Every structure is written in structure tokens, then in C-alpha cells.
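Here's the letter readout for the chains.
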Amino acid sequence: PHVVHWADNPAPAPVRDRDHAELRQLLRRGPLPALVDELVDEYQLRPSAWLNFFEGVDVRVEDAEGYHDMTPDQRKVFHDFCKEFRVSLASFDELDRTKPYALPSDFTILRFLQADKYDTAVAKRRLFDTLVWRQSLDINNLLIYKPHGLEEYRKVRVRRYMGMSNKGWPVFAERLGEFITAIPDTKTLQHRDYLMCYIYEMGDFIREFRNVAVGQRPTWRQVYIADCKGIKFKAALRAMSLLKAFSKDVEVHFPEQAGIVLVVNVPTIVTSVWNMIKKLLDPVVVSKVQIFNNVPEDVLRQYMDPKDIFVEYGGTNTADYPHITKP
């Protein structure tokens, strides 16, 4: 199967033993030649493997984290569901078959199934919704051509890759308090601009997930450090609708990514905000959240080598981690 299907073209021949040049010619019959260059050149698409940028890896599902933790019954549910989903997809009528759409690999199917606690009906509905969502937003082109307002967005939302955890998960740190406080004052970005930029930046997470697949068991989970320093209660209330949209309109299509969430530099007032925000989140995610009123250097060292921890958080990593640029 091919990740991108072109309903208006004959199905291309299998690409298992074809080289990159021939693969390019096959996919150039579709309407997005620029996507081919992106996949083959930047992301090193292998002709013998599937590639879905949002899945993050092109690996055998048997090698993925989570597969070997399943019980025999859960594995049977998973393999049966893979077959059932593809049969159901053939008759799914909410996709526009004249436009490209992404086929989820077994790796993605497993992620969705585990997120929905092996409830196949719920997982299938969420997968279908995600397929339609990706197609409606023309995700492939969004990832190639930068969305409107990205430069401004990155000034007020600072998120940086910090290193790898001892579990082999990528670690990201964000100046969340500064971002939330800046949202109401950022007049040049509209609600949709924030969402499109957020989706685009999810690619940064996925690039790191792809890196994990080199030399070790691939994963889709991350350690996320949310620094609440600088947050203001009134600004947080005014930003609530956007934060809710992040969860409802974007994050629902990327299940099971939260491995560990460390919320640091939390002022007392944020406890009230957290009690509101956590109602918008998956209970499984909430259970992974730890809240601290400072930077718990000892806790960070439980998850990471000090050389990977930013200097600001007690480590020796001198990589750039700037404060936001206020609007």
C-alpha cells in the first residue's frame, strides 16, 4: 500500500525493489510533485518502506515501543483490527477520493488503538476522523509551505528540543507561561493562524521521533517540560478558548504522545488554572502530569543525563533557549 493514494490515477506498481528515481516518477503522476522531493530528499524515503510524516517512522510495527508490552489477547485484537480497518476504509464515503489522502500504517493504527484502550469502534472512528481532518487541511502541503504567521508565532511560542530521555524519548521544553500570557496581546495572529502554526510545528516533534528510530526501538512518546514562569491568571483565562482548540482540534489527532509531562515554576494561582485545563485533557494524559513550584533538578536527572538538560534547569546543555519576544 502507498501512504498517499491518488484516486484520479491508476494505482502505481509496487515500489519494494525500485530505486528513488523510479519512485519519484511513479509519484509525480499525482498532483503534488513538490511533496515527492520533500519525502525523498529531506526525509530519506526508502522505496521498501511506507512513510507517513505524521507517524514519524517507517518501521515494522513489531519493532515499535508498545508492541511487546501487549498481552496475547491485545495483539490479536490489534492484528484483527488492522484487517477490519482496511476493509472498512474501502467503503468509507467521507473521504474525497479525487484528492490525495494518507493511509495509516500499522504503527499509527496501534497508537490509536492503544490510546482508545483497545476499543476498536472508538479507535476506528477516531482514525476515520483523522483521515478526513488531514485531507481537509491539505496537511501534506501545509508541511511543505509554511503557514501564515509562523515567524510571529515562533516569537511568542518558544519550544525547544532538549535531548533524549533515558527511556529513549525526545525531550521538549517550552516557555508555556510566557506564551499563554502573550496570546491576548498578539493582534497579528488569528485563531486559525495559531492552529495552522501548531500543526506545522508538530513536524518538529515528529522529526525527533524519526531520529529515535535509528539504532533503537522507535517510539511515539515524549517528555514535555512546561515552564509556567511568567504566567498571568487573567491572560490565562483569556487564552482558554485557544488552548481548548489546541486540545480538541489538533491534539486529538496525535494520541498517545505524552510520555511524561513535567510542569515547572508553577505559581500558586496556576493550580486553579490547572483544575480547569485538566478537564479538557485525556484522563490518561492527566495521570502523567507532575507539577512543581520550582525546577526539580533531581527529578530531571532521573529522566535525563545532565549534559542534555538546559543550563537554566541545572544541566550543562548550552543550546539556545530564548525567552519570547513580546508583541
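See the structure above.
Residues numbered from 1 in each chain as written. Predicted model: local features only at pLDDT ≥ 70, side-chain atom pairs only at ≥ 80, totals over all residues. Heavy atoms only, no water.

### Some words on helix α3 (residues 72-90)
- A rise of 1.5 Å per residue sets the reference length of α3, with its 19 residues, at 27 Å; its end C-alpha atoms lie 28 Å apart and thus fit the reference within 8%.
- For α3, the full list of buried residues reads Phe-78, Phe-81, Cys-82, Phe-85, Ser-88 and Leu-89.
- Buried positions along α3 lie against α4 (106-115) and α5 (120-136). (Helix = DSSP H or I, 4+ residues; strand = E, 2+ residues; numbered from the N terminus. Expected span 1.5 Å × (residues − 1). Buried < 20%, exposed > 50% of the residue type's maximum accessible area, 1.4 Å probe, protein only. Contact = heavy atoms within 4.5 Å.)

### What about the nonpolar core?
- The biggest cluster of nonpolar side chains holds 62 residues, and the ones touching the most others in it are Tyr-194, Ile-199, Ile-225, Phe-246, Leu-262 and Tyr-313.
- Broken down by element, this core gets its largest block of residues, eight residues, from helix α9 (residues 191-212).
- Setting aside residues no more than four positions away along its own chain, Phe-246 makes contact with Arg-157, Phe-179, Tyr-194, Leu-195, Tyr-198 and Glu-251.
- Membership of the second largest hydrophobic core comes to 23 residues, among which are Met-70, Phe-78, Tyr-101 and Phe-112. (Core = buried A, V, L, I, M, F, W, Y, C linked by side-chain atoms within 4.5 Å.)

### Let's talk about the sheet that holds strand β7 (residues 289-291)
- If you walk across this open sheet you meet the five strands as β3-β4-β5-β6-β7, and the pairing is mixed. Looking at the sheet topology across the chains shown, the edges are occupied by β3 (159-164) and β7. Here the strands of the sheet are splayed against their neighbours by 20° on average, with no regard to which way each runs.
- Direction of pairing for β3 relative to strand β4 (residues 170-174): antiparallel, over a ladder of five bridges. Note on β4: the bridge partner recorded for Tyr-161 is Phe-172. (Pairing = 2+ DSSP bridges. Axes fitted to C-alpha atoms, helices over the stretch in contact; angles between N-to-C directions.)

### Let's talk about the pattern of salt bridges
- Applying the stated criterion to the full structure yields 12 salt bridges.
- Arg-125 is paired through a salt bridge with Glu-94; the nearest N and O atoms lie 3.5 Å apart. One end of the pair, Arg-125, is in helix α5; the other, Glu-94, is in the loop between α3 and β2 (101-102), and 31 residues separate them in sequence.
- Salt-bridge contacts for Arg-157 lead to Glu-174; the nearest nitrogen and oxygen are separated by 2.6 Å. (Salt bridge = Lys/Arg side-chain N within 4 Å of Asp/Glu carboxyl O.)

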